[in-house]
Every structure is written in structure tokens, then in C-alpha cells.
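Spelled out from the first residue to the last, the chains are:
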Amino acid sequence: MKSVNGFTLIEVLIASTLGLVLITTAAELLVSARDWQRSEQHYSKRTEDIRLLSTLLRRAVRSAGDPGCHWQWQTNLTKTPRLSAQPAIANPHNAAIDSESDVLVIQRWQPTGKAMMSTAVSESAVISLDRDHNRGFGHPVLLSADAGASCVLFNQASEAPKDLNRGPGWAGDASTTGASALNHIPEDGYQALAGMLTLYEPERVAFYIDDSVTGSSSSLFRRRLSAGNRREELLVGINAMQLAYAVDPDRDGDADAWVSATDVADWQQVVAVSVRVQLAAAASPEDGWIIITQALRNGLPHD
């Protein structure tokens with residue numbers, strides 16, 4: 001009688017059990033691998049967010065109070081208070097931004113381009129350029145010359161597109177008592193300028209936290225004077241921002257106290273700022289805070 005080749009019931013059960021174990025193990029490994037990949041992606045994104053946030057805010061705070069050119073070289077011809085020495089950090093309550101977190105407002109002069117003078121040297125009120133300067137009448141102008149330590153601040157006193165005019169100009173009819181000069185005429189004559197000129201304009205940047213564009217989270221936003229103060233979303237997933245200001249009322253070079261914005265009596269006395277920003281992906285309310293502390297070049301005087 002021939003024997004029948006095949007598996008017994010016990011062999012089939014053993015094989016099925018082993019197969020089930022292998023499949024279960026493989027599934028668990030796959031789930032673990034996916035969890036690890038998600039965790040790694042989350043960690044990488046958080047690390048990248050921290051790097052971007054730190055770089056962005058640190059660079060912005062370092063630029064606060066930048067006078068454009070060295071203030072010891074700067075000749076101020078303006079006759080308007082708005083162009084007196086400005087604090088590096090401005091009062092956030094004047095920014096008119098609705099945010100549950102603190103608002104960081106930075107002021108500085110920023111370069112907007114270069115232009116060559118049409119003449120070799122200019123010692124007159126009018127400085128002719130080889131291109132349009134995009135400064136309308138009354139617009140503040142700060143320029144420095146590459147040739148020599150020369151820097152001058154004034155209000156544009158004409159509408160000529162290629163001529164910068166540092167002359168008196170007039171806000172209103174010069175023949176009436178209500179008229180006022182935009183600039184004063186220096187007693188020693190206008191500073192001689194030569195070579196390539198760098199033009200600057202006043203910049204004000206406000207950072208704040210608000211609901212993201214998608215509404216699914218909160219984000220870090222920015223408003224820039226040079227961009228028409230439009231709302232710019234910078235980084236999604238930012239929970240909060242807290243600010244503290246170091247003040248030096250006696251001007252001895254040492255911070256006397258760290259205070260909130262409501263306790264700053266004079267923004268010219270702010271010598272450092274501490275920015276604390278919390279990522280939305282933090283594991284707990286105490287976790288995820290990025291702290292940036294930076295000394296300021298504040299209250300730089302004009303000649």
C-alpha cells in the first residue's frame with residue numbers, strides 16, 4: 001500500500017503559528033520604523049524651526065539701531081524731530097498691532113542701493129546721480145560716500161528724480177509765516193561728496209504672534225515699513241513671544257533692571273532686549289522656549 005505524502009494537522013498548526021508570529025513581528029517592526037521616521041521628521045523640523053527662528057530674530061535684533069553710517073561722520077541737516085536719534089527698540093504700544101503675545105518693534109536705517117554722482121565732486125546743495133533715487137519731496141535721505149568718511153542726513157527738497165537736494169526746501173509757501181524749511185544750511189558750507197554713494201532709508205520692523213493663515217495654528221508674523229506694513233507670515237507653529245528690556249537710566253553703561261514694555265519710561269534708555277519664543281510643538285508649557293538676548297546700539301546721536 002502506498003503512503004500519502006503531506007502535512008499533518010500539527011505541522012500545519014505549527015507552520016501557521018510561526019507564520020503569524022513572523023507577520024506580527026514584521027508589522028510591529030514596520031510600525032516602529034514609521035514611528036521612528038515620524039519622530040525623526042518631527043525632530044528635524046523642530047531643529048530647523050529653531051535654527052530659522054534664532055537666525056531670523058537674532059539678525060533682526062542685531063540690526064536694531066543701525067545708524068546706516070557711522071554717527072561720528074554723520075552731518076544732520078534736517079529740521080524735523082522725526083529724524084532725531086531714534087531708539088533701536090520702539091514702544092510696541094505705538095505699533096497698533098493686536099496680538100495676545102508681546103510685540104517686538106525694531107528701528108534702523110537700511111541700505112536701499114548705490115548710485116554714482118554725475119559730477120566728480122559735489123559741494124552744492126544739489127547732488128546729481130546717474131539714476132533715479134525714488135525719494136519724493138520731504139522724504140528722509142541718508143547717504144554716505146565711498147570716497148572718504150562722509151555721511152549726510154537730510155530731507156529731499158525737490159521733486160527731481162535724479163537730483164538729491166539737501167537745500168532748505170520749504171514745507172508750504174516760503175513767503176508765508178506758516179512755511180518751514182526742511183533742512184538748515186550749514187555754516188561751513190555743504191560737505192563735499194565724491195564717488196559712489198550708498199543710499200539708506202528709515203526702516204521699522206514689527207514681529208508678533210497671530211493666528212496662522214490656515215487657522216490651524218499660530219505663527220510668527222512681521223510688518224515692515226519698507227513693505228507697506230503688510231502682514232507677512234514667517235514661521236508656522238509659534239505659540240508665544242515674551243519680551244524683557246534692560247534699561248540704563250543713569251547712562252553708566254550697565255543695565256540697572258530688566259522690565260516689561262509697560263515699565264519702560266524712556267526707550268532711549270533700553271540697552272538690551274531678551275526675546276523668549278515658544279514653539280507650538282513643545283511637549284509641555286515649560287518646554288520649547290528659545291531665548292535670545294542681545295545688547296543694542298541705542299540712542300546714537302547725530303552731529
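Residues numbered from 1 in each chain as written. Predicted model: local features only at pLDDT ≥ 70, side-chain atom pairs only at ≥ 80, totals over all residues. Heavy atoms only, no water.

## Quick notes on the nonpolar core
And then number 1: Ranked by size, the top nonpolar core spans 31 residues in total, and within it Leu 53, Leu 104, Phe 207, Tyr 245 and Val 275 carry the most contacts.
And then number 2: Those elements that provide at least two residues to this core are α1 (9-63), β2 (104-122), β7 (193-211), β10 (238-247), β12 (270-279) and β13 (289-295).
And then number 3: Beyond its immediate chain neighbours, meaning those up to four positions away, Phe 207 contacts Leu 56, Leu 57, Ala 60, Asp 102, Val 103, Leu 104, Ile 106, Leu 220, Phe 221, Arg 222, Leu 234 and Met 241.
And then number 4: The next biggest cluster of nonpolar side chains, apart from the first, holds 16 residues, and it includes Ala 115, Met 117, Ala 125 and Tyr 190. (Core = buried A, V, L, I, M, F, W, Y, C linked by side-chain atoms within 4.5 Å. Buried < 20%, exposed > 50% of the residue type's maximum accessible area, 1.4 Å probe, protein only. Helix = DSSP H or I, 4+ residues; strand = E, 2+ residues; numbered from the N terminus. Contact = heavy atoms within 4.5 Å.)

## Topic: the sheet that holds β12
And then number 1: Read from one edge to the other, the open sheet built from four strands follows the order β11-β10-β12-β13, with strand pairing classed as antiparallel. Since the sheet does not close on itself, it has two edges, and those belong to β11 (257-259) and β13, each with one partner. Looking at each pair of strands side by side, their axes are set apart by 20 degrees on average, direction ignored.
And then number 2: Pairing geometry for β10 and β11, over three bridges, is antiparallel. Paired with Val 247 across the two strands is Ala 257, which belongs to β11. (Pairing = 2+ DSSP bridges. Axes fitted to C-alpha atoms, helices over the stretch in contact; angles between N-to-C directions.)

## Quick look at the packing of aromatic side chains
And then number 1: By the definition in use, this model includes two aromatic pairs.
And then number 2: Ring centres of Tyr 208 and Phe 221 lie 5.8 Å apart, and the angle between their planes is 20 degrees; on these two criteria the pair is classed as stacked. With Tyr 208 in strand β7 and Phe 221 in strand β8 (residues 218-224), the pair connects residues that are 13 residues apart, well separated along the chain. Each member of the pair Tyr 208 and Phe 221 is classed as buried.
And then number 3: Here the aromatic rings of Tyr 245 and Trp 267 are separated by 5.0 Å at their centres, their planes lie at 85 degrees, and the arrangement is edge-to-face. Of this pair, Tyr 245 sits in strand β10 while Trp 267 sits in the loop between β11 and β12, placing them 22 residues apart in sequence.
And then number 4: It is Arg 231 that lies over the ring of Phe 221; its NZ or CZ is 4.0 Å from the centre.
And then number 5: In this arrangement the basic side chain of Arg 276 is found over the ring face of Trp 289, its NZ or CZ atom lying 4.3 Å from the centre. (Phe/Tyr/Trp six-rings, centres within 6.5 Å; stacked < 30°, edge-to-face > 60°. Lys NZ or Arg CZ within 6 Å of the ring centre and 35° of its normal.)

## Concerning the environment of His 133
And then number 1: Secondary-structure assignment places His 133 in the loop between β3 (126-128) and β4 (140-145).
And then number 2: Accessibility expressed as a relative area gives 4% for His 133, which makes it buried.
And then number 3: With 19 residues separating them in the primary sequence, His 133 and Lys 114 have C-alpha atoms 9.2 Å apart.
And then number 4: In contact with His 133, other than residues within four places in its own chain, are Gln 156, Ala 160, Pro 161, Lys 162, Asp 163, Leu 164 and Leu 199.

## A word on the confidence of the model for the protein chain
And then number 1: On average, residues of the protein chain score 83 in pLDDT, and 83% of them are at 70 or above.
And then number 2: Note that residues 299-303 has pLDDT below 50 and, in this model, 20 contacts with residues that lie over four places away or in other chains. (pLDDT = per-residue confidence, 0-100.)

## Examining a nonpolar patch on the surface
And then number 1: On the surface, a cluster of nonpolar side chains totalling about 320 Å² of accessible area is made up of Ile 10, Ile 14 and Leu 18.
And then number 2: Position of Ile 10 relative to the elements: it lies in helix α1. (Patch = residues over 30% accessible without salt bridge, like charges linked within 9 Å, V, L, I, M, F, W, Y side chains within 5 Å. Areas by Shrake-Rupley, 256 points an atom, 1.4 Å probe, with all protein chains shown as cover. Salt bridge = Lys/Arg side-chain N within 4 Å of Asp/Glu carboxyl O.)

## Description of the pairing of β8
And then number 1: Of all seven residues that make up β8, five are buried, and the element is covered over most of its length.
And then number 2: Across seven bridges, β7 lies against β8 in antiparallel orientation. Paired with Ala 206 across the bridge in β8 is Arg 223.
And then number 3: Linkage of β7 to β8, two consecutive antiparallel strands, is achieved through a turn of six residues, within which Gly 215 is found at a positive phi near 80 degrees.
And then number 4: Where β8 and strand β9 (residues 232-236) come together, four bridges link them in antiparallel fashion. Along β9, the bridge assignment pairs Leu 220 with Leu 235.

## Topic: the state of the cysteines
And then number 1: Here the structure, examined in full by the defined rule, presents one disulfide.
And then number 2: The residue that forms a disulfide with Cys 69 is Cys 151, at a sulfur-sulfur distance of 1.6 Å. Judged by the sign of its S-S torsion, about -40 degrees, the bond between Cys 69 and Cys 151 is left-handed. Residue Cys 69 is found in the loop between α1 and β1 (74-76), and its partner Cys 151 is found in strand β5 (residues 150-155); the two are separated by 82 residues along the sequence. For the pair shown, Cys 69 and Cys 151 are each scored as buried. (Disulfide = S-S within 2.5 Å.)

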